There are 2 protein chains.
Amino acid sequence: MRLLPHPATEDIQLTEVLRALSDPVRMEIVIRLALRGEMTCTTAGDDLGVHKSTASHHYRALREAGVIMSKQEGRLKYISLRRADLDARFPGLLDSILSAAHVPV
Amino acid sequence: MRLLPHPATEDIQLTEVLRALSDPVRMEIVIRLALRGEMTCTTAGDDLGVHKSTASHHYRALREAGVIMSKQEGRLKYISLRRADLDARFPGLLDSILSAAHVPV
DNA sequence: CTTATTGTTTGACAACAATCCAACTATGCG
DNA sequence: CGCATAGTTGGATTGTTGTCAAACAATAAG
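S.K.: How would you explain the protein's contact with DNA strand D if you had to name every residue and give the values?
M.R.: Around DNA strand D lies a shell of 22 residues, among which Thr42, Ser56 and Lys77 of chain A together with His51 and His58 of chain B are the nearest. Here histidine 51 of chain B contributes a backbone N or O atom positioned 2.5 Å from a phosphate oxygen of DNA strand D. Within the side chain of histidine 58 of chain B, an N or O atom sits 2.6 Å from a phosphate oxygen of DNA strand D. Of all the secondary structure elements, the ones that give two or more residues to the surface near DNA strand D are α3 (41-45), α4 (52-65) and β4 (76-81) of chain A together with α4 (52-65) of chain B. Across the surface near DNA strand D, the residue classes tally to three nonpolar, 11 polar and eight charged.

Here's what the structure looks like:
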């Protein structure tokens, strides 16, 4: 099991988080993660309407902004929302964004 | 006194609001409006570090996303945050973003 | 009427971003 | 080992964005 580089909680920048979530494809990925929890990249990218390499690019954007966590397990890569970290850094922000996206919090 | 075209409250899109706020210059403008209320474009753009035409471009981006209101009064144009509209459309969103930006709400 | 003030528009330009495709890497399976 | 699966990377393309400068428009003031 390997971890990939992620920004530390205190290094997460507000405008970068907002930027990451301002793309509809990335927002949809985040919504899926919020609804269904940790999942593999393939599952997260299913029926997303973009090429898998494009999805991969979006995973990186979300990871570098501090929105998601990735961990490699064997052949699979699991991604998940950094809910606790985001809530520690920006209390209430993720919840209000998810509510705005009609995701039950 | 003239009003300029703004999106109706129900037409404000989440990703467009996040996009508008993902630029540091626009975020700073919004912070100023949150702290000091309605102000003219010149006041809002003071010491922003960008050319006035660039600031004007940002006002339009914020207006088209539904984040700010503009009204022309004589030679001056006043801009203000659409707090009530944003709160009606996305409850708690603006507050949590402003809190994240260290603006007292 | 002329001038100063306030802000927008247009053009140019460089940087960035979203996308697809093809090639590649890495891991597990038989 | 050889093959399939899961994802990433690099290149190409196309479009968007942030910026400045210069020209413009509209209004108020002298």
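On we go.
S.K.: Tell me about the protein's contact with DNA strand C, and name the residues and values.
M.R.: Taken together, 24 residues sit near DNA strand C, with His51 and His58 of chain A together with Thr42, Ser56 and Lys77 of chain B positioned nearest. Taken together, the elements giving at least two residues each to the surface near DNA strand C come down to α2 (24-36) and α4 of chain A together with α3 (41-45), α4 and β4 (76-81) of chain B. Taken together, the residues of the surface near DNA strand C sort by class into five nonpolar, 11 polar and eight charged.

S.K.: A description of helix α2 (residues 24-36) of chain B should follow, citing residues and the corresponding values.
M.R.: All names here are of chain B. The terminal C-alpha atoms of α2 lie 18 Å apart, and with 13 residues this matches the ideal 18 Å at 1.5 Å per residue to within 8%. Along α2, the residues that are buried comprise Val25, Arg26, Met27, Ile29, Val30, Ile31, Arg32, Leu33 and Ala34. You can read the cap of α2 off the contacts: a side-chain oxygen lies 2.8 Å from the backbone nitrogen of valine 25, and it is on aspartate 23. Glycine 37 lies just past α2 and shows a positive phi near 75°.

S.K.: Give me the packing of α2 of chain B against α4 of chain B: which residues, what numbers.
M.R.: The relative placement of two packed helices comes down to the angle between their axes together with the axis-to-axis distance. All names here are of chain B. Contact geometry for α2 and α4: axes closest at 10 Å, N-to-C directions at 75°. Judged on the interaxial angle alone, α4 and α2 are roughly perpendicular. Note on element contacts: α4 touches α2 through His57, His58, Tyr59, Ala61 and Leu62, opposite Val25, Arg26, Ile29 and Val30.

S.K.: Explain the interface of chain A and chain B to me, using residue names and the numbers behind them.
M.R.: Tallying the contact residues gives 16 residues for chain A and 17 residues for chain B. A buried area of about 1300 Å², summed over both sides, lies between chain A and chain B, and 78% of it is on carbon and sulfur atoms. Between chain A and chain B we count zero salt bridges in total. Where chain A touches chain B, the interface holds one residue pair in polar contact (both at pLDDT 80 or more). When residues of the side of chain A that touches chain B are traced back to their parent elements, those giving at least two are α1 (14-21), α2 and α6 (93-100) of chain A. Considered class by class, the residues forming the side of chain A that touches chain B number 11 nonpolar, four polar and one charged.

What counts and how
- Residues numbered from 1 in each chain as written.
- Chains lettered and ligands numbered in written order.
- Predicted model: local features only at pLDDT ≥ 70, side-chain atom pairs only at ≥ 80, totals over all residues.
- Heavy atoms only, no water.
- Near = heavy atom within 4 Å.
- Polar contact = N/O pair within 3.5 Å; in protein donor to acceptor, adjacent residues only side chain to side chain.
- Helix = DSSP H or I, 4+ residues; strand = E, 2+ residues; numbered from the N terminus.
- Nonpolar A, V, L, I, M, F, W, Y, C, P; charged D, E, K, R; others polar.
- Expected span 1.5 Å × (residues − 1).
- Buried < 20%, exposed > 50% of the residue type's maximum accessible area, 1.4 Å probe, protein only.
- Axes fitted to C-alpha atoms, helices over the stretch in contact; angles between N-to-C directions.
- Parallel < 35°, antiparallel > 145°, perpendicular 65-115°, else oblique.
- Contact = heavy atoms within 4.5 Å.
- Buried area = accessible area lost by both parts, 1.4 Å probe.
- Salt bridge = Lys/Arg side-chain N within 4 Å of Asp/Glu carboxyl O.

None of the figures reported here should be taken as evidence of function without further support.
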